[in-house]
Amino acid sequence: MSTQTEQEKVRGWLTGRLPGDWFEGETELSIDRDEILIVGRIPAPEQSKDVSDAERSAAEAGRVKQFREDTRDHRIEIARELEHATRRKVAWGVRCGETRTIFTSLSAPVMTRLRQPERQVLDTLVDAGVARSRSDALGWCVKLVAQHSETWLTDLREAMRKVENVRATGPDTTDD
């Protein structure tokens, strides 16, 4: 979890550093302990309103590929600078029309200890072909929980931000 101040600093840095013609509007910014994910909106290709979903999707995929190739070297340069400043990996993605594509993303190992009933749940998902491994099954479970409890998670994150704000307004604890 990142603090609001961290979010603001990274957002400000990106506002000054990203080329002005890359994205439409404000970028989506997601920060955790390991990674910063930057997702910007790029213009969708001009198409008539009566194109099929398949044609629209293919055109958006083509535009995403073009953006990814055209900006690769510059994105790597910016990512290295930001990684050095924040000690976090940087991942990129774009939204184009109805398409959201993440180019790169960190896959961080997470150590967990599970008892037999929890391992059996993961093994059932593997045996049923839902997941390739226990690791994939655990990721699938986390996505499912996040999907079905998004309101609760949003409320929890907001409460944590309020606690952060209260702490920030407390007495200065640094020694002079």
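Described below are features of the structure shown in this document. Since the structure is predicted, the reported quantities are computational estimates derived from the model, not experimental observations.

### Side note on the packing of aromatic side chains
One pass over the structure, following the stated rule, counts four aromatic pairs. With a centroid separation of 6.0 Å and an interplanar angle of 75°, the aromatic rings of Trp 22 and Phe 23 are classed as edge-to-face. Measuring from centroid to centroid gives 5.8 Å for Trp 22 and Phe 67, while their planes differ by 80°, and the two rings are edge-to-face. Placement of Trp 22 in the loop between α1 (4-17) and β1 (24-31) and of Phe 67 in helix α2 (residues 53-86) is noted, with a sequence separation of 45 residues between them. Since its relative accessible area comes to 10%, Phe 67 is described here as buried. Members of the aromatic cluster, each reached through a chain of ring pairs, are Trp 22, Phe 23, Phe 67 and Trp 92.

### Observations regarding the packing of α1 against α2
In contact at an axis separation of 12 Å, α1 and α2 are set at 150° when each is read in the N-to-C sense. Judged by the angle between their axes, α1 and α2 are roughly antiparallel. Crossing hand, α1 versus α2: right-handed. Judged by residue contacts, Val 10, Trp 13, Leu 14 and Arg 17 of α1 engage His 74, Glu 77, Ile 78, Glu 81, Leu 82 and Thr 86 from α2.

### Remarks on unusual backbone geometry
Of note in this structure, Arg 87 is not a glycine but carries a positive phi near 60°. Structurally, the position occupied by Arg 87 is in the loop between α2 and β3 (89-96). The exposed category is assigned to Arg 87, whose relative accessible area is 74%.

### So, the sheet that holds β1
Taking strand neighbours across the sheet as the criterion, the four strands line up as β1-β2-β3-β4 in an open arrangement whose pairing is mixed. The open sheet has two edge strands with one neighbour each: β1 and β4 (99-102). Taken pair by pair, the neighbouring strands of this sheet meet at an average axis angle of 20°, ignoring direction. In this structure, β1 lies alongside strand β2 (residues 35-42), joined through five bridges in antiparallel fashion. Within β2, the position partnered with Ile 31 by the bridge is Ile 36.

### Points about the layout of surface pockets
In this structure, the largest pocket occupies an estimated 1,800 Å³ of space. Lining the largest pocket are 37 residues, with Asp 32, Glu 35, Leu 106, Val 110 and Val 142 positioned closest to its centre. Elements that contribute at least two residues to the lining of the largest pocket include exactly α1, β1, β2, α3 (116-127), α4 (134-148) and α5 (150-168). By residue class, the composition of the lining of the largest pocket is 15 nonpolar, eleven polar and eleven charged.

### Points about the nonpolar core
Generally speaking, nonpolar side chains in soluble globular proteins are found buried as a group. One finds Ile 36, Ile 38 and Trp 92 to be the most contacted residues of the largest nonpolar core, which totals 20 residues. At the level of elements, α1, β1, β2, α2 and β3 are the ones that each hand at least two residues to this core. No other element matches the five residues that α2 contributes to this core.

What counts and what doesn't
- Residues numbered from 1 in each chain as written.
- Predicted model: local features only at pLDDT ≥ 70, side-chain atom pairs only at ≥ 80, totals over all residues.
- Heavy atoms only, no water.
- Phe/Tyr/Trp six-rings, centres within 6.5 Å; stacked < 30°, edge-to-face > 60°.
- Helix = DSSP H or I, 4+ residues; strand = E, 2+ residues; numbered from the N terminus.
- Buried < 20%, exposed > 50% of the residue type's maximum accessible area, 1.4 Å probe, protein only.
- Axes fitted to C-alpha atoms, helices over the stretch in contact; angles between N-to-C directions.
- Parallel < 35°, antiparallel > 145°, perpendicular 65-115°, else oblique.
- Left-handed = near helix turned anticlockwise from the far one by under 90°.
- Contact = heavy atoms within 4.5 Å.
- Pairing = 2+ DSSP bridges.
- 1 Å grid on protein atoms, 1.4 Å probe; cavity = no way out; pocket = protein on both sides within 12 Å on 5 of 7 lines; lining within 4 Å.
- Points joined across faces, edges and corners; volume = space filled by probe spheres on them.
- Nonpolar A, V, L, I, M, F, W, Y, C, P; charged D, E, K, R; others polar.
- Core = buried A, V, L, I, M, F, W, Y, C linked by side-chain atoms within 4.5 Å.

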